[in-house]
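Take a look at the letters that make up each chain.
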Amino acid sequence: MGMKDKFQDQSEQWQQQARQKAQQGREQGREQGQQRGRQGQERDRMRDEEPERLERDEQERLDQDYDV
């Protein structure tokens, strides 16, 4: 095996490693994006429920005041 073949093989190995790392990065990015999406949906749901909960609490306090 000549020097040229040796360098060419090494170059191909590095290219393959780079492709694998890029693929792993894309997969991790996709997973993180999905996780952030789920967290955002949960945060939105909680934010939507917050005014309803506050209104219920206030109504209960008013009811207690008038019951006394």
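Presented here is a report on the structure given in the accompanying data block. Each chain carries its own residue numbering, running from 1 in the direction its sequence is written. It should be noted that, the model being predicted, local features are given only for residues of pLDDT at least 70 and side-chain atom pairs only at 80 or more, the latter also being counted only at that level, while totals for whole chains, interfaces and linings use all residues. Water and hydrogen atoms were dropped before computing side-chain values, which therefore reflect all heavy atoms in the structure.

## With respect to the overall build of the chain
Only DSSP runs of H or I covering at least 4 residues are called helices, and only runs of E covering at least 2 are called strands; the numbering of each starts at the N terminus. Broken down by element type, the chain carries 1 helix and 0 strands. The globule rule used here is 2.2 Å times the number of residues to the 0.38 power, and the radius of gyration it is set against is calculated over C-alpha atoms. Computed over its C-alpha atoms, the radius of gyration of the chain comes to 29 Å, more than 25% above the 11 Å expected for a compact globule of 68 residues. By principal-axis analysis of the C-alpha atoms, the chain measures approximately 100 × 15 × 5 Å. A total of 68 residues make up the chain; the buried ones form 1% of that total. With an accessible surface of roughly 6,800 Å², the chain has 45% of that area assigned to carbon and sulfur atoms. Charged residues are defined narrowly, with Lys and Arg counted positive, Asp and Glu counted negative, and His plus the chain ends left uncounted. Charged side chains are reduced to one point each, which is NZ for Lys, CZ for Arg, CG for Asp and CD for Glu. Across the chain, the mean location of the 14 positive side-chain charges is 16 Å away from that of the 18 negative side-chain charges. Exposed residues in this analysis have more than 50% of their type's maximum accessible area, buried residues have under 20%, and partly exposed residues fall in between, with area computed by a 1.4 Å probe over protein chains only. Accessibility throughout is a Shrake-Rupley quantity obtained with a 1.4 Å probe, and a residue counts as covered only by protein chains that appear here.

## Notes on a negative patch on the surface
A cluster of acidic residues, D48, E52, E55 and E58, forms a negative patch at the surface. Judged by its relative accessible area of 46%, E58 is partly exposed. Surface patches are defined over residues having more than 30% relative accessible area and no salt bridge, joining like charges when they lie within 9 Å and nonpolar side chains (Val, Leu, Ile, Met, Phe, Trp, Tyr) when within 5 Å. Between Lys or Arg on one side and Asp or Glu on the other, a salt bridge is scored when a side-chain nitrogen of the former is within 4 Å of a carboxyl oxygen of the latter.

## Here we look at the environment of Q35
With respect to the secondary-structure elements, Q35 resides in helix α1 (residues 3–67). The exposure class of Q35 is partly exposed, given its relative accessible area of 42%. Residues Q35 and E60 lie 25 residues apart in sequence; the distance between their C-alpha atoms is 37 Å.

## Observations concerning the pattern of salt bridges
A complete count under the given rule lists 2 salt bridges for this structure. E50 is paired through a salt bridge with R53; the nearest N and O atoms lie 2.7 Å apart. Note that E50 and R53 are positioned in helix α1 at a spacing of 3 residues, about one turn of the helix. With a shortest N-O distance of 3.2 Å, R53 and D57 are connected by a salt bridge. Taken together, the positions of R53 and D57, both in helix α1 and 4 residues apart, correspond to about one turn of that helix. Residue classification places R53 among the partly exposed residues on the basis of a relative accessible area of 35%. Since its relative accessible area comes to 27%, D57 is described here as partly exposed. A network of salt bridges, in which partner residues are shared, links E50, R53 and D57.

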